[in-house]
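# Descriptive structure summary
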Amino acid sequence: MKMKKICVFGLGYVGLPTASMLATHGFEVLGVEIDENIIERINNGNAHIEEPGLNTLVKAAILSNNLKASSKPIQADVFIICVPTPLDSEKKSDLSYVKSAAKSAIPYLIKDNLVILESTVPPKTTEEVLIPILKESGLEIGTELFVAYCPERVIPGRVIVEMVENDRIIGGINEKSALMAKEIYQTFVEGNIFLTDATTAEFVKLIENTYRDVNIALANEFAKVAEKIHINVWNAIELANRHPRVNILKPGPGVGGHCIPVDPWFIVEKVPQADLIKLSRKINEGMVQHIFDILKETLGKEKRNITIFGVAYKGNVDDTRGSPAKRLIDLLLTKNYDVRVYDPLVRKFRYELKNLADSVKDSECIVVLADHDEFKKMRLDEISEIGKLMRKKNILDARNCLNHEIWKLAGFDVRILGNARMH
Ligand code: SAJ
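So, a few notes on the structure that sits alongside this text.

The rules we used
- Residues numbered from 1 in each chain as written.
- Predicted model: local features only at pLDDT ≥ 70, side-chain atom pairs only at ≥ 80, totals over all residues.
- Heavy atoms only, no water.
- Helix = DSSP H or I, 4+ residues; strand = E, 2+ residues; numbered from the N terminus.
- Buried < 20%, exposed > 50% of the residue type's maximum accessible area, 1.4 Å probe, protein only.
- Lys, Arg positive; Asp, Glu negative; His and termini not counted.
- Charge placed at Lys NZ, Arg CZ, Asp CG, Glu CD.
- Arc of directions from axis to C-beta.
- Contact = heavy atoms within 4.5 Å.
- Pairing = 2+ DSSP bridges.
- Right-handed = clockwise from strand over helix to strand, strands pointing away.
- Core = buried A, V, L, I, M, F, W, Y, C linked by side-chain atoms within 4.5 Å.
- Patch = residues over 30% accessible without salt bridge, like charges linked within 9 Å, V, L, I, M, F, W, Y side chains within 5 Å.
- Areas by Shrake-Rupley, 256 points an atom, 1.4 Å probe, with all protein chains shown as cover.
- Salt bridge = Lys/Arg side-chain N within 4 Å of Asp/Glu carboxyl O.
- Axes fitted to C-alpha atoms, helices over the stretch in contact; angles between N-to-C directions.
- Parallel < 35°, antiparallel > 145°, perpendicular 65-115°, else oblique.
- Left-handed = near helix turned anticlockwise from the far one by under 90°.
- Nonpolar A, V, L, I, M, F, W, Y, C, P; charged D, E, K, R; others polar.
- Near = heavy atom within 4 Å.
- Polar contact = N/O pair within 3.5 Å; in protein donor to acceptor, adjacent residues only side chain to side chain.
- Phe/Tyr/Trp six-rings, centres within 6.5 Å; stacked < 30°, edge-to-face > 60°.

Right, let's talk about the overall build of the chain for a bit. Across its full length, the chain holds 17 helices and 13 strands. Each principal axis of the C-alpha distribution contributes one length, and for the chain these read about 70 × 45 × 40 Å. Here the chain, with 423 residues, has 54% of them falling under the buried criterion. Taking the average place of the 56 positive charges on the side chains of the chain and the average place of its 57 negative ones, the gap between the two points comes to 4 Å.

Here it is, written out as structure tokens:
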């Protein structure tokens, strides 16, 4: 059987590149999306997300006539679900988008179809949530309707490269399902493809991101210890990482994005005893309070004007989802600080974004929260101009990303997370 037609549910950070990639590899792809504006933009050949290479890929897919976006699915050979799975207020997975995508596919499913779930989900979701819905089609699961879980593993900023180059894990509900899914992915994946069962594949995705969260929590713990014993954690981690079996990640203002702060909870949801995972979340979320404490100590009681540099959840992206900056600003505002925000990449944010000069005018301290290249590359003359506008020349680098010598030359008192007392 040759699979040619594919419906991709959700044209977001993963669905859009996946749909475009499949379309440029010969499949006829219909992207199913609930947002009419996104549908229109994509049908005009424009990506609605900033991601290197994505716009070109979407344009190529639309020009090939193999990609269309619509609000309704059609009959196809393969259905791929790439919808969001956010956390609800009780830190449990909200699977409503997955359920509604699966339900909307039911009337279009026919014998020998393959349904692939790509969204990150708690272990056993394919078995316990997706399959019961798919059974409503009347098709026998595993012999007439095939099902696989294939997690995306691409990192924002390198999505197009990693979608092709990364190894891929495919978890089938049986061997035939896994092999069918492999047939699809191997058309564009250059990495290795590993086959396993669906629940293992769900778990693999979660433990990858949880590993990163726990590792970052350890780095953050080391940063706080280093501050107490007056050493520079960044130098210490760099030296420790010279060991062939050590790879400690970087401390920072906390872990943002839409994946790493969310996925560990999907494990805890299933197994609440997972203490290390919960503690790591707590440590990473606590970094905002820690930065606030450093600021309080730096500024004393009287002064209250703060400038935030970088509200994206990490360097060189425009994405503010889950950004620690939001939580720090919320905290500062509740403590009556005056906060101004500058981010050269971000266009939309919960708080007003200022231009550089307005953001630093009369400020008493800049806090760097995202390691954008623009901050790293600032020249002495630019920094001196910034200094002239400020009431006090303090800067706290929570990413250790600046050229500190230049900032000091421009008269700044430089503090670094994990090295807070050394200037
Ligand atoms: N961070 C640190 N210190 C570090 C590395 C990151 O504080 O040493 C922070 C970042 O600043 C950011 C957060 O962690 O706020 C997450 O950033 P990230 O670059 O670690 O990851 P994401 O969320 O952009 O993408 C991750 C990736 N997962 C892994 O590397 C295991 C990506 O491959 C996944 O596909 C993605 O999550 C996802 O969609 O699950």
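What follows continues from the structure just given.
Positive phi outside glycine occurs at Asn65, with the angle close to 70°. Note that Asn65 resides in the loop between α3 (54-63) and β3 (67-70). Phi is positive for Asn336, which is not a glycine, with a value near 65°. Relative to the assigned elements, Asn336 resides in the loop between α13 (324-334) and β10 (338-342). Under the relative-accessibility criterion, Asn336 is labelled exposed at 61%.

Taken together, the buried positions of helix α11 (residues 275-285) are occupied by Ile277, Ser280, Arg281, Ile283 and Asn284. Looking down the long axis of α11, one finds its buried residues gathered within 165° of arc, a one-sided arrangement. For α11, the exposed residues set more than 90 degrees away from the buried face come down to Asp275 and Lys282. Where α11 is buried, its residues touch α8 (198-228), α10 (263-270), α12 (287-299) and α13.

The next point concerns the pairing of strand β8 (residues 193-197). Examined bridge by bridge, strand β7 (residues 168-172) and β8 share five bridges and lie parallel to one another. Within the sheet, the bridge partner assigned to Ile169 lies in β8 and is Phe194. Each parallel crossover has a hand, and the one from β7 via helix α7 (residues 175-185) to β8 is right-handed.

By size, the foremost hydrophobic cluster in this structure holds 46 residues, and its most contacted members are Leu22, Ile42, Ile80, Leu114 and Tyr185. For Leu22, the residues in contact, after removing those within four places along its chain, are Ile6, Val8, Phe27, Val29, Ile80, Ile184 and Phe188. Listed in part, the 32 residues of the second largest apolar core include Cys7, Phe9, Val98 and Leu139.

Following the sequence through the fold, Val339 ends up in strand β10. For the pair Val339 and Ile329, spaced ten residues apart in sequence, the C-alpha separation works out to 7.0 Å. Residues within four places of Val339 in sequence aside, it is in contact with Ile306, Ile308, Ile329, Leu332 and Leu333.

A surface patch of nonpolar side chains, about 250 Å² in accessible area, is lined by Val225, Ile229 and Ile231. As for its placement among the helices and strands, Val225 is situated in helix α8. Judged by relative accessible area, which is 43%, Val225 ranks as partly exposed.

With that settled, the discussion passes to the packing of helix α4 (residues 96-105) against helix α5 (residues 125-134). For the pair α4 and α5, interaxial distance at closest approach is 9 Å and the crossing angle is 25°. The angle between α4 and α5 places the two elements in the roughly parallel class. The hand of the α4/α5 crossing is right-handed. Contacts from Lys99, Ala102 and Lys103 in α4 reach Val129, Leu130 and Ile133 in α5. The residue inventory of the contact of α4 with α5, partitioned by class, reads four nonpolar, no polar and two charged.

Another point: the environment of Tyr108. With respect to the helices and strands, Tyr108 occurs in the loop between α4 and β5 (113-117). Among the residues examined, Tyr108 registers a relative accessible area of 24% and is labelled partly exposed. In contact with Tyr108, other than residues within four places in its own chain, are Lys72, Pro73, Ile74, Gln75, Phe79 and Asn113.

As a structural note, the neighbourhood of the ligand is formed by 20 residues, with Glu152, Lys205, Arg212, Lys250 and Tyr313 the closest of them. Taking Glu152, its side chain carries an N or O atom lying 2.6 Å from an oxygen atom of the ligand. One of the side-chain nitrogen or oxygen atoms of Tyr313 is found 2.5 Å away from an oxygen atom of the ligand. Protein contact buries 90% of the 770 Å² of open area that the ligand shows by itself.

A few words on the sheet that holds β3. Backbone-to-backbone hydrogen bonds join strands into a sheet, with any given pair of strands oriented parallel or antiparallel. Taking strand neighbours across the sheet as the criterion, the eight strands line up as β3-β2-β1-β4-β5-β6-β7-β8 in an open arrangement whose pairing is mixed. Across the chains shown, the open sheet's two edge strands, defined by having one partner strand only, are β3 and β8. Going from strand to strand, the sheet's axes swing by 25° on average, the running direction of each strand aside. Both strand β6 (residues 145-149) and β7 contribute to a ladder of two bridges, which runs antiparallel. Looking at the pairing, Ala148 lines up with Gly172 of β7.

A word on the packing of aromatic side chains. Summed over the entire model, instances satisfying the criterion amount to eight aromatic pairs. With a centroid separation of 5.5 Å and 65° between ring planes, the pair formed by Phe309 and Tyr342 is classed as edge-to-face. Here Phe309 is found in strand β9 (residues 305-309), whereas its partner Tyr342 is found in strand β10, with 33 residues between them in sequence. Accessibility expressed as a relative area gives 9% for Tyr342, which makes it buried. Relative to Phe412, the ring of Trp407 lies with its centre 4.9 Å away and its plane at 80°, an arrangement referred to as edge-to-face. Owing to a relative accessible area of 1%, Trp407 belongs among the buried residues under this scheme. The buried category is assigned to Phe412, whose relative accessible area is 5%.

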